[in-house]
Amino acid sequence: MHELGIAQSIVEIAEKNANQQGARRVLEVTIEVGALSGVMAESLEFCFEACCSDTLLEGCVLKIEPVPARARCRECYQEYTLINYFDSCPACNNPVSDMLSGEELRIKEMEID
Amino acid sequence: MCIDCGCAAPDHHHHHDEPQMGKTIRIEEDLLAKNNRLANGNRHFFAGHGLFVLNLVSSPGSGKTTILEQTLTELKGELGFAVLEGDQQTSNDADRIAATGVPAHQINTGAGCHLDAHMVGHGVEHFDLSQTDILMIENVGNLVCPASFDLGEDYKVSVLSVTEGEDKPLKYPQMFRASDVMLINKIDLLPHLRFDVEKCKEYARRVHPGIRIFEISCYSGDGLEQWYDWLREQVAKKKA
(Lines give C-alpha, C1' and ligand atoms only; values in the text may rest on other atoms or scores of the structure.)
Protein backbone atom coordinates (compact mmCIF):
# COMPACT_ATOMS: atom_id res chain seq x y z
CA MET A 1 0.00 0.00 0.00
CA HIS A 2 2.82 2.44 -0.59
CA GLU A 3 0.54 3.87 -3.30
CA LEU A 4 -0.94 6.04 -0.54
CA GLY A 5 2.42 7.72 0.03
CA ILE A 6 2.91 8.13 -3.72
CA ALA A 7 -0.57 9.71 -4.02
CA GLN A 8 0.23 12.11 -1.19
CA SER A 9 3.41 13.05 -2.94
CA ILE A 10 1.52 13.80 -6.19
CA VAL A 11 -0.85 16.10 -4.30
CA GLU A 12 2.04 17.80 -2.50
CA ILE A 13 4.01 18.47 -5.69
CA ALA A 14 0.91 19.61 -7.62
CA GLU A 15 -0.22 21.98 -4.86
CA LYS A 16 3.23 23.49 -4.56
CA ASN A 17 3.35 24.15 -8.31
CA ALA A 18 -0.25 25.40 -8.40
CA ASN A 19 0.46 27.89 -5.63
CA GLN A 20 3.55 29.14 -7.45
CA GLN A 21 1.34 29.76 -10.49
CA GLY A 22 -1.42 31.36 -8.45
CA ALA A 23 -3.89 28.75 -9.66
CA ARG A 24 -7.34 28.37 -8.12
CA ARG A 25 -7.48 24.67 -8.69
CA VAL A 26 -5.83 21.77 -10.42
CA LEU A 27 -8.01 20.14 -13.06
CA GLU A 28 -5.84 17.30 -14.24
CA VAL A 29 -2.52 15.75 -13.34
CA THR A 30 -0.57 13.51 -15.73
CA ILE A 31 1.89 11.03 -14.32
CA GLU A 32 4.21 8.51 -15.95
CA VAL A 33 4.28 5.06 -14.35
CA GLY A 34 6.81 2.50 -15.52
CA ALA A 35 5.66 -1.08 -15.96
CA LEU A 36 8.25 -2.20 -13.40
CA SER A 37 7.92 0.74 -11.01
CA GLY A 38 6.13 -1.47 -8.50
CA VAL A 39 3.05 0.75 -8.42
CA MET A 40 -0.45 -0.46 -9.21
CA ALA A 41 -2.47 2.03 -11.23
CA GLU A 42 -5.85 1.03 -9.74
CA SER A 43 -4.58 1.33 -6.23
CA LEU A 44 -2.95 4.67 -6.98
CA GLU A 45 -6.18 6.06 -8.45
CA PHE A 46 -8.09 4.97 -5.38
CA CYS A 47 -5.64 6.62 -2.99
CA PHE A 48 -5.32 9.73 -5.11
CA GLU A 49 -8.98 10.55 -4.84
CA ALA A 50 -8.85 10.29 -1.08
CA CYS A 51 -5.76 12.52 -0.91
CA CYS A 52 -7.31 15.24 -3.07
CA SER A 53 -10.18 16.21 -0.79
CA ASP A 54 -9.82 19.64 0.82
CA THR A 55 -6.93 20.56 -1.45
CA LEU A 56 -6.60 22.51 -4.70
CA LEU A 57 -6.90 19.12 -6.36
CA GLU A 58 -10.45 18.42 -5.19
CA GLY A 59 -12.16 16.65 -8.10
CA CYS A 60 -8.95 16.51 -10.10
CA VAL A 61 -8.54 13.90 -12.84
CA LEU A 62 -5.51 11.64 -12.60
CA LYS A 63 -4.14 10.64 -15.97
CA ILE A 64 -1.73 7.73 -15.84
CA GLU A 65 0.59 7.21 -18.79
CA PRO A 66 2.09 3.73 -18.66
CA VAL A 67 5.73 3.47 -19.71
CA PRO A 68 6.74 0.06 -21.10
CA ALA A 69 9.83 -1.60 -19.69
CA ARG A 70 12.63 -1.75 -22.26
CA ALA A 71 16.05 -3.27 -21.94
CA ARG A 72 19.21 -3.69 -23.99
CA CYS A 73 20.97 -7.05 -24.03
CA ARG A 74 24.57 -6.87 -22.78
CA GLU A 75 25.61 -9.64 -25.13
CA CYS A 76 24.11 -8.78 -28.53
CA TYR A 77 22.75 -5.25 -27.82
CA GLN A 78 19.28 -6.20 -28.99
CA GLU A 79 16.61 -3.93 -27.44
CA TYR A 80 13.45 -5.60 -26.21
CA THR A 81 10.38 -5.13 -24.06
CA LEU A 82 10.39 -6.72 -20.61
CA ILE A 83 7.36 -8.10 -18.84
CA ASN A 84 9.49 -9.24 -15.91
CA TYR A 85 12.91 -8.17 -14.69
CA PHE A 86 14.28 -11.60 -15.47
CA ASP A 87 13.13 -11.90 -19.09
CA SER A 88 16.04 -13.04 -21.23
CA CYS A 89 16.97 -11.51 -24.56
CA PRO A 90 14.64 -12.87 -27.26
CA ALA A 91 17.50 -12.89 -29.79
CA CYS A 92 20.32 -14.65 -27.92
CA ASN A 93 18.68 -15.77 -24.65
CA ASN A 94 21.25 -13.93 -22.50
CA PRO A 95 19.60 -13.02 -19.16
CA VAL A 96 21.77 -9.97 -18.42
CA SER A 97 20.53 -6.65 -19.75
CA ASP A 98 20.54 -2.94 -18.97
CA MET A 99 17.22 -1.27 -18.25
CA LEU A 100 16.37 1.57 -20.60
CA SER A 101 12.94 2.46 -19.23
CA GLY A 102 10.15 1.07 -17.11
CA GLU A 103 11.02 2.19 -13.59
CA GLU A 104 9.61 5.72 -13.96
CA LEU A 105 7.40 7.22 -11.31
CA ARG A 106 7.13 10.82 -12.31
CA ILE A 107 4.64 13.67 -12.38
CA LYS A 108 4.79 14.98 -15.91
CA GLU A 109 2.41 17.88 -16.24
CA MET A 110 -0.82 19.32 -14.92
CA GLU A 111 -3.66 21.48 -16.00
CA ILE A 112 -4.57 24.39 -13.77
CA ASP A 113 -7.32 26.95 -13.66
CA MET B 1 -21.84 10.45 -6.19
CA CYS B 2 -20.52 10.81 -9.71
CA ILE B 3 -22.15 8.25 -11.99
CA ASP B 4 -19.25 8.24 -14.41
CA CYS B 5 -16.45 7.27 -12.11
CA GLY B 6 -18.10 6.62 -8.76
CA CYS B 7 -16.08 9.32 -7.03
CA ALA B 8 -17.47 10.67 -3.80
CA ALA B 9 -17.30 14.42 -4.44
CA PRO B 10 -20.86 15.76 -3.79
CA ASP B 11 -20.76 18.89 -5.97
CA HIS B 12 -18.13 17.53 -8.19
CA HIS B 13 -16.42 19.65 -10.73
CA HIS B 14 -14.95 17.31 -13.26
CA HIS B 15 -16.97 16.60 -16.34
CA HIS B 16 -15.68 13.53 -17.96
CA ASP B 17 -16.42 14.23 -21.59
CA GLU B 18 -16.10 17.98 -21.79
CA PRO B 19 -12.73 19.47 -22.62
CA GLN B 20 -11.41 21.46 -19.69
CA MET B 21 -10.27 25.02 -20.16
CA GLY B 22 -7.07 25.20 -18.23
CA LYS B 23 -3.44 26.01 -18.58
CA THR B 24 -1.02 23.13 -18.87
CA ILE B 25 2.25 23.35 -17.00
CA ARG B 26 5.16 20.92 -17.24
CA ILE B 27 6.51 19.60 -13.98
CA GLU B 28 8.74 16.56 -14.64
CA GLU B 29 9.36 15.76 -11.00
CA ASP B 30 10.12 12.32 -9.66
CA LEU B 31 7.43 11.24 -7.22
CA LEU B 32 10.02 9.74 -4.92
CA ALA B 33 12.20 12.85 -5.18
CA LYS B 34 11.49 13.97 -1.63
CA ASN B 35 12.40 10.59 -0.17
CA ASN B 36 15.46 10.36 -2.40
CA ARG B 37 16.58 13.82 -1.31
CA LEU B 38 16.26 12.89 2.35
CA ALA B 39 17.98 9.54 1.70
CA ASN B 40 20.93 11.36 0.15
CA GLY B 41 21.03 13.58 3.22
CA ASN B 42 21.15 10.45 5.41
CA ARG B 43 23.87 8.93 3.22
CA HIS B 44 25.98 12.04 3.59
CA PHE B 45 25.42 12.05 7.36
CA PHE B 46 26.34 8.34 7.64
CA ALA B 47 29.48 8.91 5.57
CA GLY B 48 30.47 11.75 7.89
CA HIS B 49 30.33 9.32 10.80
CA GLY B 50 32.11 6.52 8.92
CA LEU B 51 29.07 4.29 9.36
CA PHE B 52 28.41 1.15 7.36
CA VAL B 53 24.64 0.92 6.96
CA LEU B 54 22.49 -2.07 6.02
CA ASN B 55 18.76 -2.12 5.31
CA LEU B 56 17.36 -5.57 6.08
CA VAL B 57 14.26 -6.47 4.10
CA SER B 58 12.17 -9.63 3.90
CA SER B 59 8.71 -11.03 4.36
CA PRO B 60 7.49 -11.27 7.97
CA GLY B 61 8.94 -14.21 9.88
CA SER B 62 12.03 -14.84 7.76
CA GLY B 63 14.28 -14.40 10.79
CA LYS B 64 15.64 -10.85 10.45
CA THR B 65 15.51 -10.14 14.17
CA THR B 66 17.07 -13.48 15.09
CA ILE B 67 19.90 -12.91 12.60
CA LEU B 68 20.49 -9.53 14.22
CA GLU B 69 20.43 -10.95 17.76
CA GLN B 70 22.93 -13.62 16.79
CA THR B 71 25.19 -11.25 14.88
CA LEU B 72 25.20 -8.63 17.63
CA THR B 73 25.83 -11.17 20.37
CA GLU B 74 28.84 -12.58 18.56
CA LEU B 75 30.34 -9.37 17.13
CA LYS B 76 29.51 -6.63 19.62
CA GLY B 77 32.86 -7.15 21.36
CA GLU B 78 34.77 -6.12 18.23
CA LEU B 79 32.35 -3.83 16.35
CA GLY B 80 30.06 -1.02 17.50
CA PHE B 81 26.44 -1.51 16.47
CA ALA B 82 23.22 0.48 16.56
CA VAL B 83 19.88 -0.93 15.40
CA LEU B 84 16.76 0.77 14.07
CA GLU B 85 13.72 -1.47 14.17
CA GLY B 86 10.75 -0.86 11.90
CA ASP B 87 7.35 -2.41 12.61
CA GLN B 88 3.78 -1.25 12.31
CA GLN B 89 3.14 -1.80 16.03
CA THR B 90 4.87 -2.86 19.27
CA SER B 91 8.43 -2.41 20.48
CA ASN B 92 8.99 -6.17 20.75
CA ASP B 93 11.87 -6.27 18.29
CA ALA B 94 13.70 -3.29 19.77
CA ASP B 95 13.30 -4.93 23.19
CA ARG B 96 14.85 -8.13 21.87
CA ILE B 97 17.79 -6.19 20.40
CA ALA B 98 18.22 -4.08 23.54
CA ALA B 99 18.49 -7.34 25.53
CA THR B 100 21.77 -8.05 23.67
CA GLY B 101 23.16 -4.81 25.12
CA VAL B 102 23.24 -3.00 21.77
CA PRO B 103 21.49 0.40 21.46
CA ALA B 104 18.17 -0.02 19.65
CA HIS B 105 15.35 2.30 18.70
CA GLN B 106 11.91 1.24 17.54
CA ILE B 107 10.11 3.09 14.77
CA ASN B 108 6.39 2.32 14.57
CA THR B 109 5.03 3.08 11.15
CA GLY B 110 1.37 2.74 12.17
CA ALA B 111 -0.50 2.11 8.94
CA GLY B 112 2.71 2.46 6.92
CA CYS B 113 4.09 -0.56 5.12
CA HIS B 114 7.72 0.56 4.89
CA LEU B 115 10.34 2.78 6.49
CA ASP B 116 11.20 5.98 4.65
CA ALA B 117 14.26 8.21 4.71
CA HIS B 118 12.57 10.79 6.93
CA MET B 119 11.84 8.26 9.71
CA VAL B 120 15.39 6.92 9.54
CA GLY B 121 16.90 10.42 9.63
CA HIS B 122 15.10 11.09 12.91
CA GLY B 123 15.58 7.55 14.17
CA VAL B 124 19.37 7.86 14.26
CA GLU B 125 19.09 10.97 16.44
CA HIS B 126 18.57 8.51 19.31
CA PHE B 127 22.09 7.10 19.06
CA ASP B 128 25.53 8.21 20.11
CA LEU B 129 27.23 7.41 16.82
CA SER B 130 30.79 8.11 17.96
CA GLN B 131 31.15 4.46 19.01
CA THR B 132 29.18 2.99 16.11
CA ASP B 133 30.63 1.14 13.12
CA ILE B 134 27.50 -0.52 11.74
CA LEU B 135 23.93 0.75 11.66
CA MET B 136 21.46 -2.05 11.03
CA ILE B 137 18.01 -0.99 9.88
CA GLU B 138 15.40 -3.72 10.11
CA ASN B 139 12.64 -2.72 7.74
CA VAL B 140 8.96 -3.59 8.07
CA GLY B 141 8.37 -7.22 7.03
CA ASN B 142 7.13 -6.74 3.48
CA LEU B 143 8.70 -7.83 0.19
CA VAL B 144 7.01 -5.14 -1.88
CA CYS B 145 7.01 -1.55 -0.67
CA PRO B 146 10.42 -1.19 1.04
CA ALA B 147 12.04 -1.85 -2.36
CA SER B 148 11.07 1.61 -3.60
CA PHE B 149 12.31 3.62 -0.64
CA ASP B 150 15.99 4.41 -0.36
CA LEU B 151 16.93 5.06 3.28
CA GLY B 152 20.51 6.14 2.61
CA GLU B 153 21.92 2.67 3.31
CA ASP B 154 25.03 1.17 1.72
CA TYR B 155 23.20 -2.03 0.82
CA LYS B 156 19.82 -3.65 1.05
CA VAL B 157 20.03 -7.19 2.38
CA SER B 158 17.15 -9.51 1.48
CA VAL B 159 16.50 -12.32 3.91
CA LEU B 160 14.76 -15.37 2.50
CA SER B 161 14.06 -18.34 4.75
CA VAL B 162 13.90 -21.80 3.27
CA THR B 163 10.33 -22.34 4.50
CA GLU B 164 9.15 -19.67 2.05
CA GLY B 165 9.77 -21.33 -1.31
CA GLU B 166 12.71 -20.92 -3.68
CA ASP B 167 10.80 -18.86 -6.23
CA LYS B 168 10.46 -15.75 -4.01
CA PRO B 169 13.08 -13.84 -6.06
CA LEU B 170 10.95 -14.32 -9.18
CA LYS B 171 7.69 -13.47 -7.40
CA TYR B 172 9.10 -10.29 -5.83
CA PRO B 173 11.79 -9.34 -8.34
CA GLN B 174 11.86 -5.67 -7.44
CA MET B 175 13.12 -6.42 -3.94
CA PHE B 176 15.81 -8.85 -4.99
CA ARG B 177 16.81 -6.52 -7.81
CA ALA B 178 17.30 -3.72 -5.27
CA SER B 179 19.29 -5.93 -2.88
CA ASP B 180 23.03 -6.45 -3.19
CA VAL B 181 23.07 -9.23 -0.65
CA MET B 182 20.74 -12.17 0.00
CA LEU B 183 20.76 -14.28 3.14
CA ILE B 184 19.18 -17.71 2.68
CA ASN B 185 18.18 -18.38 6.28
CA LYS B 186 17.13 -21.39 8.40
CA ILE B 187 19.18 -23.82 6.27
CA ASP B 188 19.22 -26.26 9.20
CA LEU B 189 15.62 -27.03 8.18
CA LEU B 190 16.57 -28.13 4.65
CA PRO B 191 16.45 -31.90 5.39
CA HIS B 192 12.76 -31.50 6.23
CA LEU B 193 11.80 -29.41 3.22
CA ARG B 194 11.68 -29.55 -0.55
CA PHE B 195 13.54 -26.30 -0.98
CA ASP B 196 16.04 -26.27 -3.84
CA VAL B 197 18.89 -23.98 -2.75
CA GLU B 198 20.63 -24.01 -6.12
CA LYS B 199 17.43 -23.09 -7.91
CA CYS B 200 16.79 -20.29 -5.43
CA LYS B 201 20.27 -18.87 -6.08
CA GLU B 202 19.77 -19.17 -9.81
CA TYR B 203 16.43 -17.29 -9.58
CA ALA B 204 18.00 -14.54 -7.50
CA ARG B 205 20.84 -14.16 -10.03
CA ARG B 206 18.37 -14.01 -12.87
CA VAL B 207 16.83 -10.94 -11.26
CA HIS B 208 20.14 -9.53 -10.00
CA PRO B 209 23.19 -11.10 -11.65
CA GLY B 210 25.74 -9.71 -9.19
CA ILE B 211 23.88 -10.47 -5.94
CA ARG B 212 26.06 -11.84 -3.10
CA ILE B 213 24.53 -14.84 -1.38
CA PHE B 214 25.14 -16.32 2.08
CA GLU B 215 23.50 -19.52 3.28
CA ILE B 216 23.06 -19.37 7.03
CA SER B 217 21.37 -20.85 10.05
CA CYS B 218 21.22 -19.08 13.41
CA TYR B 219 20.26 -22.37 15.04
CA SER B 220 23.21 -24.47 13.84
CA GLY B 221 25.53 -21.53 13.21
CA ASP B 222 26.26 -22.72 9.66
CA GLY B 223 27.44 -20.01 7.29
CA LEU B 224 27.48 -17.24 9.91
CA GLU B 225 31.26 -16.95 9.93
CA GLN B 226 31.23 -15.97 6.20
CA TRP B 227 28.53 -13.38 6.89
CA TYR B 228 30.55 -11.97 9.80
CA ASP B 229 33.71 -11.83 7.67
CA TRP B 230 31.85 -9.87 5.05
CA LEU B 231 30.63 -7.39 7.70
CA ARG B 232 34.18 -7.00 9.05
CA GLU B 233 35.48 -6.44 5.53
CA GLN B 234 32.88 -3.76 4.81
CA VAL B 235 33.61 -1.89 8.06
CA ALA B 236 37.33 -2.01 7.33
CA LYS B 237 36.65 -0.57 3.86
CA LYS B 238 34.66 2.29 5.40
CA LYS B 239 37.45 3.14 7.81
CA ALA B 240 40.16 2.93 5.16
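This text goes with the structure placed above it.
So, here's what we can say about the structure. (Residues numbered from 1 in each chain as written. Chains lettered and ligands numbered in written order. Predicted model: local features only at pLDDT ≥ 70, side-chain atom pairs only at ≥ 80, totals over all residues. Heavy atoms only, no water.)

**Regarding the overall build of chain A**
Working step 1: Secondary structure summary: chain A contains 2 helices and 6 strands in total.
Working step 2: Traced from its N-terminal end to its C-terminal end, chain A shows the element sequence α-β-α-β-β-β-β-β.
Working step 3: The C-alpha atoms of chain A give 17 Å as radius of gyration, which overshoots the globular expectation for 113 residues (13 Å, by more than 25%).
Working step 4: For the C-alpha atoms alone, the extent of chain A along its principal axes is close to 55 × 25 × 15 Å.
Working step 5: Residues classed as buried in chain A amount to 52% of the 113 residues present. (Helix = DSSP H or I, 4+ residues; strand = E, 2+ residues; numbered from the N terminus. Rg over C-alpha atoms; globule rule 2.2 N^0.38 Å. Buried < 20%, exposed > 50% of the residue type's maximum accessible area, 1.4 Å probe, protein only.)

**Focus: the interface of chain B and chain A**
Working step 1: Taken residue by residue, the interface counts 31 residues in chain B and 35 residues in chain A.
Working step 2: Summed over both partners, the interface of chain B with chain A buries about 3100 Å², with 57% contributed by carbon and sulfur atoms.
Working step 3: Across the chain B-chain A interface, the total number found is 4 salt bridges.
Working step 4: Along the contact surface separating chain B from chain A lie 14 residue pairs in polar contact (both at pLDDT 80 or more).
Working step 5: When residues of the side of chain B that touches chain A are traced back to their parent elements, those giving at least two are β1 (23-30), α6 (173-178) and α7 (197-207) of chain B.
Working step 6: Ranked by the residues each element gives to the side of chain B that touches chain A, the list is headed by β1 of chain B, at 8 residues.
Working step 7: For the side of chain B that touches chain A, the per-class residue count stands at 15 nonpolar, 8 polar and 8 charged.
Working step 8: Across 6 bridges, strand β6 (residues 105-112) of chain A lies against β1 of chain B in antiparallel orientation. Within the sheet, the bridge partner assigned to Arg106 of chain A lies in β1 of chain B and is Asp30 of chain B. (Contact = heavy atoms within 4.5 Å. Buried area = accessible area lost by both parts, 1.4 Å probe. Salt bridge = Lys/Arg side-chain N within 4 Å of Asp/Glu carboxyl O. Polar contact = N/O pair within 3.5 Å; in protein donor to acceptor, adjacent residues only side chain to side chain. Nonpolar A, V, L, I, M, F, W, Y, C, P; charged D, E, K, R; others polar. Pairing = 2+ DSSP bridges.)

**Thoughts on the packing of helix α2 (residues 64-75) of chain B against helix α8 (residues 224-239) of chain B**
Residue and element names in this part refer to chain B.
Working step 1: Put simply, α2 and α8 touch, their axes get as near as 11 Å, and they point 70° apart. With respect to their mutual orientation, α2 and α8 come out roughly perpendicular. Considering how the two elements wind past one another, α2 and α8 form a crossing that is right-handed. Contact residues: Ile67, Gln70, Thr71, Glu74 and Leu75 in α2; Leu224, Trp227, Tyr228, Leu231 and Arg232 in α8.
Working step 2: Grouping the amino acids of the contact of α2 with α8 by side-chain chemistry returns 6 nonpolar, 2 polar and 2 charged. (Axes fitted to C-alpha atoms, helices over the stretch in contact; angles between N-to-C directions. Parallel < 35°, antiparallel > 145°, perpendicular 65-115°, else oblique. Left-handed = near helix turned anticlockwise from the far one by under 90°.)

**Details of the nonpolar core**
Working step 1: By size, the foremost hydrophobic cluster in this structure holds 31 residues, and its most contacted members are Val29 and Leu57 of chain A.
Working step 2: Going through the elements one at a time, α1 (3-21), β1 (26-34), α2 (41-52) and β6 of chain A together with β1 of chain B are the ones with two or more residues in this core.
Working step 3: The residues contacting Val29 of chain A, other than those within four sequence positions of it, are Ile10, Ala14, Leu57, Cys60, Val61, Leu62, Lys63, Ile107, Glu109 and Met110 of chain A.
Working step 4: Counting 29 residues, the second-largest nonpolar core is a separate cluster that includes Ala71 and Met99 of chain A together with Val197 and Val207 of chain B. (Core = buried A, V, L, I, M, F, W, Y, C linked by side-chain atoms within 4.5 Å.)

Distances and angles like these do not, on their own, reveal function.
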